[in-house]
Amino acid sequence: MTALHLVLLPGMDGTGELFAPLEHALGQAVTVHRMRYPVDEPLDYAQLERWLRPRLPQEPFVLLGESFSGPLTIAIAVDPPPQLQGLILCCTFARSPSALLTALHAPAAPAMAWLATRSWAAGLLGTALLGAYATRPLRQRLDQALRQVAPQVLAQRMRAVARVDVMDQLSAVQLPMLALTARDDRLVPRSAAQAMARAQPGLQTLDLPGPHGLLQAAPERCAQAIAQFCRSLNSAATA
């Protein structure tokens with residue numbers, strides 16, 4: 001059993017509730033802290049970083065950033081709190097993964113907020129996140145998570161993704177790092193992980209079968225990889 005704590009930074013919804021399958025699969029292997037971002041405050045990455053830092057554990061921990069939270073994880077790791085031992089990036093990016101999103105984010109922001117209020121939009125998002133791996137319980141969990149978040153908050157997070165570029169910060173990270181990528185990811189292209197690997201040669205990459213919602217669709221396999229990474233950090237610390 002590892003002594004490390006695992007801090008989970010959520011995807012676009014920010015509620016942390018979509019981590020339930022992963023947390024169940026991890027069992028007693030690690031102590032899990034799910035972070036829940038404010039659901040009614042439109043915060044950009046810099047504001048979220050200021051909000052998050054004082055809430056991180058005082059015990060040794062690993063930081064996992066899923067999708068939207070990858071750049072936030074990198075920003076924290078480049079100036080790490082004393083107890084941060086390593087980081088895991090899951091289906092994420094260091095630079096905006098879509099040139100079209102970057103070009104259109106300003107005029108499209110009102111449409112993003114409107115879409116966030118449409119019940120059918122959650123179904124489309126579920127298809128994009130989970131693809132052929134979607135199940136009714138996973139779709140219901142996603143819908144419940146999105147309903148908790150104010151539309152303007154989701155729109156702000158989309159704008160943040162469109163503008164983000166922390167590739168230089170990634171190059172400067174000196175902590176052990178693991179990237180989990182999904183072979184059937186429809187939202188983040190493979191080139192995003194390849195760019196991160198070029199910027200940070202120390203980044204270990206594990207490619208797994210699954211969709212963008214990898215932690216939800218393949219929680220057991222992800223839990224194995226995460227637990228193994230945490231054990232390796234413990235072994236290195238005691239060597």
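Quick notes on the rules
Residues numbered from 1 in each chain as written. Predicted model: local features only at pLDDT ≥ 70, side-chain atom pairs only at ≥ 80, totals over all residues. Heavy atoms only, no water. Helix = DSSP H or I, 4+ residues; strand = E, 2+ residues; numbered from the N terminus. Expected span 1.5 Å × (residues − 1). Buried < 20%, exposed > 50% of the residue type's maximum accessible area, 1.4 Å probe, protein only. Arc of directions from axis to C-beta. Salt bridge = Lys/Arg side-chain N within 4 Å of Asp/Glu carboxyl O. Phe/Tyr/Trp six-rings, centres within 6.5 Å; stacked < 30°, edge-to-face > 60°. Axes fitted to C-alpha atoms, helices over the stretch in contact; angles between N-to-C directions. Parallel < 35°, antiparallel > 145°, perpendicular 65-115°, else oblique. Left-handed = near helix turned anticlockwise from the far one by under 90°. Contact = heavy atoms within 4.5 Å. Nonpolar A, V, L, I, M, F, W, Y, C, P; charged D, E, K, R; others polar.

A. Structural detail: helix 6 (residues 136-147). Taking 1.5 Å of rise per residue, the 12 residues of helix 6 would be expected to cover 16 Å, and the 17 Å separating its terminal C-alpha atoms lies within 8% of that figure. Taken as a whole, helix 6 has its buried residues at Leu138, Leu142, Ala145 and Leu146. Taken end-on, helix 6 shows its buried residues confined to a sector of 95°, consistent with a single buried face. Residues of helix 6 that are exposed and point over 90 degrees away from its buried face: Arg136, Pro137 and Arg147.

B. Geometry of the pattern of salt bridges. Counted by the stated rule, this structure contains seven salt bridges. With its nearest N and O atoms 2.8 Å apart, the salt bridge here joins Arg147 to Asp143. Placement of both Arg147 and Asp143 in helix 6 is noted, with a separation of four residues, approximately one turn of the helix. The exposed category is assigned to Arg147, whose relative accessible area is 60%. For Arg190, the salt bridge goes to Asp207, with nearest N and O atoms at 3.4 Å.

C. Quick look at the packing of aromatic side chains. Inspection of every chain in the model, using the stated rule, returns two aromatic pairs. Ring centres 6.0 Å apart and planes at 85° place the aromatic pair Tyr37 and Trp51 in the edge-to-face group. Note that Tyr37 is positioned in the loop between strand 2 (31-34) and helix 2 (45-52) and Trp51 in helix 2, a separation of 14 residues in sequence. Of the two residues, Tyr37 and Trp51, both sit in the buried class. Ring plane angle 20° and centroid distance 4.9 Å describe the contact between Tyr45 and Phe68, whose orientation is recorded as stacked. Here Phe68 lies in the loop between strand 3 (61-66) and helix 3 (70-78) and Tyr45 lies in helix 2, a separation of 23 residues in the sequence.

D. Seen up close, the packing of helix 2 against helix 3. At a closest axis distance of 10 Å, the pairing of helix 2 and helix 3 adopts a crossing angle of 60°. Classified by the angle their axes make, helix 2 and helix 3 are oblique. In the packing of helix 2 onto helix 3, the handedness of the crossing is right-handed. Contact with helix 2, carried on its side by Tyr45, Leu48, Glu49 and Leu52, involves Pro71, Leu72, Ala75 and Ile76 of helix 3 and no other residues of that element. Across the contact of helix 2 with helix 3, the residue classes break down as seven nonpolar, no polar and one charged.

E. Broad picture of the side chain of Glu49. With respect to the helices and strands, Glu49 occurs in helix 2. Once residues lying within four places of it in the same chain are set aside, the contact partners of Glu49 are Leu72, Ala75 and Ile76.

Coordinates in, geometry out; function isn't part of it.
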